[in-house]
Amino acid sequence: MSKAICIHEHGGPEVLRWENVTVAEPGIGEVLLAQKAVGLNFIDIYHRTGLYPITQFPFIPGLEGAGVIEKLGAGVEDFKVGDRVAYVGMPLGAYAERRTVPASLLIPLPEGMTEGHAAGIMLKGLTAYFLTHLTYRVSSIHRVLVHAAAGGVGSILSQWAKLHGATVIGTAGGPEKCAAAKTHGCDHVIDYTKEDFVARVREITGGQGVHVVYDSVGKDTFLKSLDCLERLGMMVSYGQASGKVEPFDVGLLREKGSLFLTRPTLMDYLKYRREYELGAAMLLDLVLSGKLKINIGQGYRLQDAAEAHRDLEARKTFGASILVVE
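Every value quoted in this text rests on a predicted model; they were computed, and no experiment measured them.

K.L.:
Talk me through the pattern of salt bridges; I want residue IDs and the actual numbers.
P.N.:
Under the counting rule described, the total for this entry stands at 17 salt bridges. Note that lysine 124 and glutamate 64 form a salt bridge whose closest N and O atoms lie 3.2 Å from each other. On the criterion of sequence distance, the pair formed by lysine 124 in helix α3 (residues 122-135) and glutamate 64 in strand β4 (residues 64-72) is long-range, its members being 60 residues apart. Look at lysine 124 and you get buried, because its relative accessible area is 4%. A salt bridge links lysine 219 to glutamate 246; the nearest nitrogen and oxygen atoms lie 3.7 Å apart. Linking lysine 219 in the loop between β11 (210-215) and α7 (222-226) with glutamate 246 in the loop between β12 (229-237) and α8 (251-255), this pair joins segments that are 27 residues apart in sequence. Among the residues examined, lysine 219 registers a relative accessible area of 44% and is labelled partly exposed. The network of salt bridges with shared partners includes Glu195, Arg200 and Glu203.

In structure tokens, the structure reads:
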């Protein structure tokens, strides 16, 4: 018998229950994975609360993890028992000691990369990859604004944009998080608890604004973020930590300079295996070379997932967070 975090109804962190579960034998194209660590992400909270509704209960949350292959299903030829691997993607089920995973999701871990480190970077790192390479191709001519620049995705995104030579402006809450954002590639950091970030962005850019805003905060920052963009700028709304963006008149985009707006997801951008492998290879290479510095700010025992969710929702965390399987 194995254990996992199970959700029987949508709600607060208290609905995360540590229970015995039966783990299915790996079927065609699947492997049985003994997990070492699981990534904690805001989308897990959306699934838990029902903001992104899950209709079949009970379910095990979680989209990313890393571990060691215990058993191969029929037709799996690119991996062997004992391989260390990481993954991100559907189906849900990462908050578990052991699970069956489609082999098509697996990425081999290179030497020097621990399972804990990998579990904390797959979703966040690949999100930063597609945002800076595919959604908006950031280069040295661009000015970018990154909200939550001290967070899991924001800290990686800021670094990657800086690697491309962009001028990076980040927002964060409080002196500690602002200092962390500064170390992760931001040329300028705005403490949104003390400063009007729109006014500061305009001041920093000489009134021009930025070419692109990366906004994972949602409701609290969305409309003001539009005011940070220059003419023909791109608003990339990729999260909603403060709540869903309220409906607005699309004519606002015209009024503010013929702006572009997109709401991208990892699953669409890296839908095919070749796209996924390409992004993962680039991410792991940059992390191992030290060009991307990933801060695993905190680790929790898997059975303490409720505490981890509370801290993430309260914005008490720095960088990436992982759930460790003991």
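After that view, the rundown keeps rolling.
K.L.:
Just give me the short version of the packing of aromatic side chains, but keep the residues and values in it.
P.N.:
Applying the stated criterion to the full structure yields six aromatic pairs. Note on phenylalanine 57 and phenylalanine 59: the rings are 5.7 Å apart at their centroids and 50° apart in plane angle, and the pair reads as tilted. The class of phenylalanine 57 is partly exposed, set by a relative accessible area of 34%. Following the ring pairs from residue to residue traces out a cluster consisting of Phe42, Tyr46 and Tyr52. Sitting over the ring of phenylalanine 318, lysine 177 keeps its end group 5.5 Å from the ring centre.

K.L.:
Go over the sheet that holds β11, please, and point to the residues and values.
P.N.:
What the six strands build is an open sheet, ordered β10-β9-β8-β11-β12-β13; its pairing is parallel. Every other strand in the sheet has two partners, leaving β10 (188-191) and β13 (260-262) as the edge strands with one partner each. Across the sheet, the axes of successive neighbouring strands diverge by a mean angle of 15°, strand direction being ignored. Judged from the three bridges that link them, β12 and β13 form a sheet pairing that is parallel. The residue bridging methionine 234 from the neighbouring strand is phenylalanine 260, located in β13. On top of the sheet, α3 reaches β11, β12 and β13; it is set at about 145° to β12, its chief contact.

K.L.:
Requested: an account of the packing of α3 against helix α10 (residues 273-289), with residues and values cited.
P.N.:
In contact at an axis separation of 10 Å, α3 and α10 are set at 105° when each is read in the N-to-C sense. Taken together, α3 and α10 sit at an angle that is classed as roughly perpendicular. Between α3 and α10, the contacting residues are Met122, Gly125, Leu126, Tyr129 and His133 on the first element and Tyr276, Leu278, Gly279, Ala280, Met282 and Leu283 on the second. Looking at the contact of α3 with α10 residue by residue, the classes come out as eight nonpolar, three polar and no charged.

About the thresholds
- Residues numbered from 1 in each chain as written.
- Predicted model: local features only at pLDDT ≥ 70, side-chain atom pairs only at ≥ 80, totals over all residues.
- Heavy atoms only, no water.
- Salt bridge = Lys/Arg side-chain N within 4 Å of Asp/Glu carboxyl O.
- Helix = DSSP H or I, 4+ residues; strand = E, 2+ residues; numbered from the N terminus.
- Buried < 20%, exposed > 50% of the residue type's maximum accessible area, 1.4 Å probe, protein only.
- Phe/Tyr/Trp six-rings, centres within 6.5 Å; stacked < 30°, edge-to-face > 60°.
- Lys NZ or Arg CZ within 6 Å of the ring centre and 35° of its normal.
- Pairing = 2+ DSSP bridges.
- Axes fitted to C-alpha atoms, helices over the stretch in contact; angles between N-to-C directions.
- Contact = heavy atoms within 4.5 Å.
- Parallel < 35°, antiparallel > 145°, perpendicular 65-115°, else oblique.
- Nonpolar A, V, L, I, M, F, W, Y, C, P; charged D, E, K, R; others polar.

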